[in-house]
Amino acid sequence: RRVVLVLPLLVLWANVHGSALIGAGLVGLYGATVLARRAASGARPEAAVTLRAAVVTVAAPVCLLASPYGLSLVDYYRSVVLNPTLSRLVVEWQPSTPSAMTAAFFLTAGGAIWLVARHGALLTPFERLALAATMVSGLLAIRSIVWFALASLMLLPALVDAAFPVREPAKRRLSYALTAFALTGAVAAFIDAARLPVGWYSQNLSAGALAAVANATARDPALHVFATEPYADWLLWERPELARRVAFDVRFELFSESEFRKVVDLYDLRRGWRESVDGYDIVVLEPQRHRVRNALLADGTASILYADSDATVVLRKPRS
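What you see is a predicted model; the values in this text were computed from it and never measured.

Some remarks on the overall build of the protein chain
Then, number 1: A count of helical and extended segments in the protein chain gives 13 helices and five strands.
Then, number 2: Projected onto its principal axes, the C-alpha coordinates of the protein chain cover approximately 85 × 45 × 30 Å.
Then, number 3: For the protein chain, the proportion of its 320 residues judged to be buried stands at 34%.
Then, number 4: A separation of at least 24 residues holds for 60% of the contacts in the protein chain among residues at least 6 apart in sequence.
Then, number 5: Just so you have it, the protein chain exposes about 19,300 Å², and 64% of that area is on carbon and sulfur atoms.
Then, number 6: Separation between the mean location of the 32 positive side-chain charges and that of the 25 negative ones in the protein chain comes to 9 Å.

What about the pairing of strand β3 (residues 282-285)?
Then, number 1: Here β3 shows no split at all, with Ile-282 and Val-284 on one side and Val-283 and Leu-285 on the other all buried.
Then, number 2: Bridge analysis of strand β1 (residues 225-227) against β3 gives three bridges, and the strand direction is parallel. Its bridge partner lying in β3, Phe-226 is registered against Val-283.
Then, number 3: By the bridge criterion, four bridges tie β3 to strand β5 (residues 312-315) in an arrangement that is antiparallel. From the neighbouring strand, Val-283 faces β5, where its bridge partner is Val-314.

Some thoughts on the environment of Leu-156
Then, number 1: Examined against the element boundaries, Leu-156 turns out to sit in helix α8 (residues 145-163).
Then, number 2: Once the C-alpha coordinates of Leu-156 and Leu-178 are considered, the two residues, 22 residues apart in sequence, prove to be 16 Å apart.
Then, number 3: Contacts of Leu-156, omitting those with residues within four sequence positions, involve Thr-108, Ala-112, Leu-115, Leu-131 and Ala-151.

Some points on the sheet that holds β5
Then, number 1: As summarised here, the arrangement of the five strands in space is β2-β1-β3-β5-β4, forming an open sheet in which the pairing is mixed. Two strands in the sheet have a free side with no partner beyond their single neighbour: β2 (246-247) and β4 (303-307).
Then, number 2: Relative to the sheet, helix α11 (residues 229-238) contacts β1, β2 and β3, its axis offset from that of β1 by approximately 130°.

Focus on the environment of Thr-97
Then, number 1: Relative to the assigned elements, Thr-97 resides in the loop between α5 (84-89) and α6 (103-119).
Then, number 2: Sequence spacing of Thr-97 and Ala-141 is 44 residues, and the spatial spacing of their C-alpha atoms is 9.6 Å.
Then, number 3: Excluding anything up to four places from it in sequence, Thr-97 contacts Thr-102 and Phe-106.

With respect to the nonpolar core
Then, number 1: Counting 22 residues, the largest nonpolar core has Leu-89, Phe-226, Phe-248, Phe-252, Leu-266, Val-283 and Leu-296 as the members making the most contacts within it.
Then, number 2: If you list the elements that add at least two residues to this core, you get α5, α12 (257-268), β3 and α13 (290-298).
Then, number 3: When residues in this core are grouped by element, the largest group, four residues, is from α12.
Then, number 4: Once you skip the residues sitting within four places of it in the chain, Leu-266 turns out to touch Phe-226, Trp-273, Ser-276, Val-277 and Val-292.
Then, number 5: Ranked by size, the runner-up nonpolar core spans 18 residues in total, among them Ala-227, Leu-242, Ala-311 and Val-313.

The rules we used
The residue numbering used here restarts from 1 in each chain and proceeds along that chain's sequence as written. Local features in a predicted model are, by the rule used here, given only for residues with pLDDT of at least 70; side-chain atom pairs are given and counted only at 80 or more, and totals for whole chains, interfaces and linings are based on all residues. By convention in this description, side-chain values take in all heavy atoms of the structure and omit both hydrogens and water. Numbering goes from the N terminus for both helices and strands, where a helix is a DSSP run of H or I of at least four residues and a strand is a run of E of at least two. Any residue under 20% of the maximum accessible area for its type is buried, any over 50% is exposed, and the rest in between are partly exposed; the area is computed with a 1.4 Å probe on protein chains only. Whether two residues are in contact is decided by their heavy atoms: any pair within 4.5 Å suffices. For accessible areas, the Shrake-Rupley method is used with a probe of radius 1.4 Å. Any residue's cover is judged against the shown protein chains and nothing else. Charged-residue counts in this description rest on Lys and Arg as positive and Asp and Glu as negative, His and the chain ends being excluded. Where a charge sits is defined by one atom per residue type, namely NZ (Lys), CZ (Arg), CG (Asp) or CD (Glu). Here, any two strands with at least 2 DSSP bridges between them count as paired. Fitting a line to C-alpha atoms yields each axis, with helices limited to the stretch in contact; the angle taken between N-to-C directions then spans 0 to 180 degrees. In this description, a nonpolar core means a group of buried Ala, Val, Leu, Ile, Met, Phe, Trp, Tyr and Cys residues linked to one another through side-chain atoms lying within 4.5 Å.

Spatial relationships are all this shows, so hold off on functional conclusions.
Written out as structure tokens, the structure reads:
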């Protein structure tokens, strides 16, 4: 009965972040496992329980559409989940491979597989499926590792207890110690964040580049700016007067496939790459985009307006 109360939360989640797709999938999976278990048991089904399970199974994906955007969200989820260009452009959307960044994930996944193989009977079918589903999602995209971490925190402790029995007093002391450690870390992180000056959060963003763009656009209000991921939002935040004159939006999930291709064509300097910056007089690039910078300068119609270790500002159409 309590699971039905998840549905309003899914509606709220769907209007906040696209990761509601994972939540809806897990809720629907729960309802389906309840129905399957009752069908397999052969026992006389309780109509109320069966009805609630059916409602949860069907309503979970429908909750994703309870938004002002309505059915257009179907294409949104399709364009995000099935967009191969996204994983090429954004690291967090790339599949998880063994590295220092993903070491904790792979160690936890290996431990989870071992624990489930030995003591999986302690989990319900849904819990085993949820653990597997979130593990697969973490393998498919780095950004989804967090959901496997949350599932592990909820489901693996019972298996750890079975694999490594500890007397209750010792277990209680360990729980208190871990809780104290977590709270201390949270308080320390809050204090550290509170003491840092506002400028610390943008210390890797070039103040010189900002000044160069601001001065150039102030002299000529007709100039338009193409800024890559780190700089587009920051320029608008620091200089609101640049609204409607800066590209591009770093919310990649809003890009169409053709828009993604233009960005990839620019970064890879594929044929037609100039179309991505056509109509923009200033291009702001990170240092690692040196190939793009050199290509823009190669035709002799552009010049470097400003450059430092954090950014390069290229003026494509010098104005008097």
